[in-house]
Amino acid sequence: MKLFQNSKFVIFFIISLIFTATIKAQVGINTKTFYKHDKYLSSDKMQGRFPGTKGNNAAAAYIRKYFKKYALKAFNKKYYQPFRLFVKQGINKVASDSVTTQNVVGYIEGSDPNLKNEFIVIGAHYDHWGWGGKGSGSKKKEVLAIHNGADDNASGVSALLCIAEEISKLSVKPKRSILFISFSGEEQGLLGSKYFVDHLPVNKEAVKVMLNMDMVGRLNSEKQIYMGGAGTFPDGVELMRKLGENSGLNPVIHSGDVGGSDHVSFYKASISAVGFHTGGHPQYHTPEDDIDLINSEGGALVARYICNALMAIANDLQTLSFIEQ
């Protein structure tokens with residue numbers, strides 16, 4: 001009887017340690033850090049982060065700095081994946097021109113000898129509409145002003161950096177490798193993600209699931225995090241629903257309805273893809289999408305939820321296959 005009691009104590013102690021470790025892991029993704037990243041990336045200094053500009057390059061350098069800080073590895077010793085895109089006249093106060101911009105890429109190697117050769121991609125685009133203009137996607141084309149894009153999509157990049165920091169701190173990394181990427185050229189038609197999918201640094205068959213965050217900084221009073229594409233990988237809908245329990249969020253889960261952001265480039269290439277967002281708002285694609293309207297506490301909640309989803313998928317022992325929706 002005494003031995004049984006001791007065994008129960010040991011089991012209880014182990015469970016307590018696991019629970020404590022989980023709670024501590026979530027502490028790393030906090031409101032202050034989320035706000036810090038969003039504020040910097042959506043400041044006037046970045047001038048709307050339009051591709052080919054100093055502001056866009058400065059944002060890329062900021063992301064690369066943190067990838068290095070969190071010890072993410074670079075493919076071929078380079079965090080940048082440069083590509084060119086054409087800027088039509090009437091955007092961002094410039095004449096039509098072909099410019100160079102870049103995706104920012106890094107990865108954390110998995111801990112399993114076999115599964116580390118598979119990759120889960122998590123991403124968020126960092127570009128926006130610069131000063132807007134008649135040829136841009138601004139909802140106020142007649143207003144020539146900096147479009148800071150605090151929600152679209154400094155918020156997604158903030159979540160990406162928070163998650164990268166969290167996983168970098170783990171003493172035992174996830175079984176599968178995790179590839180972190182911040183795209184440019186999203187606003188011009190998913191150009192950065194299309195280029196990445198066409199020029200993958202690993203075999204396409206090794207890329208199992210892509211999670212994308214686009215506009216996750218305006219969590220509403222009902223705490224709804226929306227997602228499309230949860231049914232594109234095995235048991236995805238059930239996983240997302242389960243992770244919603246005690247998360248402080250109300251996930252709105254669609255098995256299909258993949259959406260219109262960078263994850264679509266992966267889905268079209270038959271790679272499982274899920275897109276996350278907190279919903280639209282009147283400031284979408286206007287100069288009013290600023291940091292003072294960002295719900296940083298909500299953004300941290302969303303980042304924790306997505307981090308937990310990322311970890312669960314990366315550690316899933318079942319075969320991760322693409323399911324068309």
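Read on for a plain summary of the structure.

Thresholds applied
Residues numbered from 1 in each chain as written. Predicted model: local features only at pLDDT ≥ 70, side-chain atom pairs only at ≥ 80, totals over all residues. Heavy atoms only, no water. Patch = residues over 30% accessible without salt bridge, like charges linked within 9 Å, V, L, I, M, F, W, Y side chains within 5 Å. Areas by Shrake-Rupley, 256 points an atom, 1.4 Å probe, with all protein chains shown as cover. Salt bridge = Lys/Arg side-chain N within 4 Å of Asp/Glu carboxyl O. Lys, Arg positive; Asp, Glu negative; His and termini not counted. Charge placed at Lys NZ, Arg CZ, Asp CG, Glu CD. Helix = DSSP H or I, 4+ residues; strand = E, 2+ residues; numbered from the N terminus. Axes fitted to C-alpha atoms, helices over the stretch in contact; angles between N-to-C directions. Parallel < 35°, antiparallel > 145°, perpendicular 65-115°, else oblique. Left-handed = near helix turned anticlockwise from the far one by under 90°. Contact = heavy atoms within 4.5 Å. Nonpolar A, V, L, I, M, F, W, Y, C, P; charged D, E, K, R; others polar. Pairing = 2+ DSSP bridges.

## Considerations on a positive patch on the surface
Next, step 1: Residues Lys32, Lys36, Lys45, Lys65 and Lys69 make up a contiguous surface patch of positive charge.
Next, step 2: Of all the elements in the fold, those that place two or more residues in the positive patch are helix H2 (31–41) and helix H3 (54–69).

## Structural notes on the packing of helix H6 (residues 236–244) against helix H8 (residues 296–315)
Next, step 1: With their axes 10 Å apart at the nearest point, H6 and H8 run at an angle of 135° to one another. Of the possible angle classes, the one that applies to H6 and H8 is oblique. Where H6 crosses over H8, the two elements pack in a sense that is right-handed. Where H6 approaches H8, its residues Leu239, Met240, Arg241, Leu243 and Gly244 are matched on the opposing element by Tyr305, Asn308, Ala309, Ala312 and Ile313.
Next, step 2: Tallied by class, residues from the contact of H6 with H8 come to seven nonpolar, two polar and one charged.

## Digging into the sheet that holds strand S4 (residues 177–183)
Next, step 1: Spatially, S1-S2-S4-S3-S5-S8-S6-S7 is the arrangement adopted by the eight strands of the open sheet, whose pairing is mixed. Edge positions in the open sheet fall to strand S1 (80–87) and strand S7 (250–254), since each of these has one partner strand only. The mean angle between the axes of side-by-side strands here comes to 20°, regardless of whether they run parallel or antiparallel.
Next, step 2: Pairing between strand S3 (residues 119–125) and S4: seven bridges, direction parallel. Bridging from a neighbouring strand, Ala124 pairs with Ser182 of S4.
Next, step 3: Lying on the sheet, H3 is in contact with S1, strand S2 (97–108) and S4; it crosses S2 at an angle near 10°.
Next, step 4: Of the strands in this sheet, S2, S3, S4 and strand S5 (207–213) are in contact with helix H4 (residues 150–168), which crosses S3 at around 145°.

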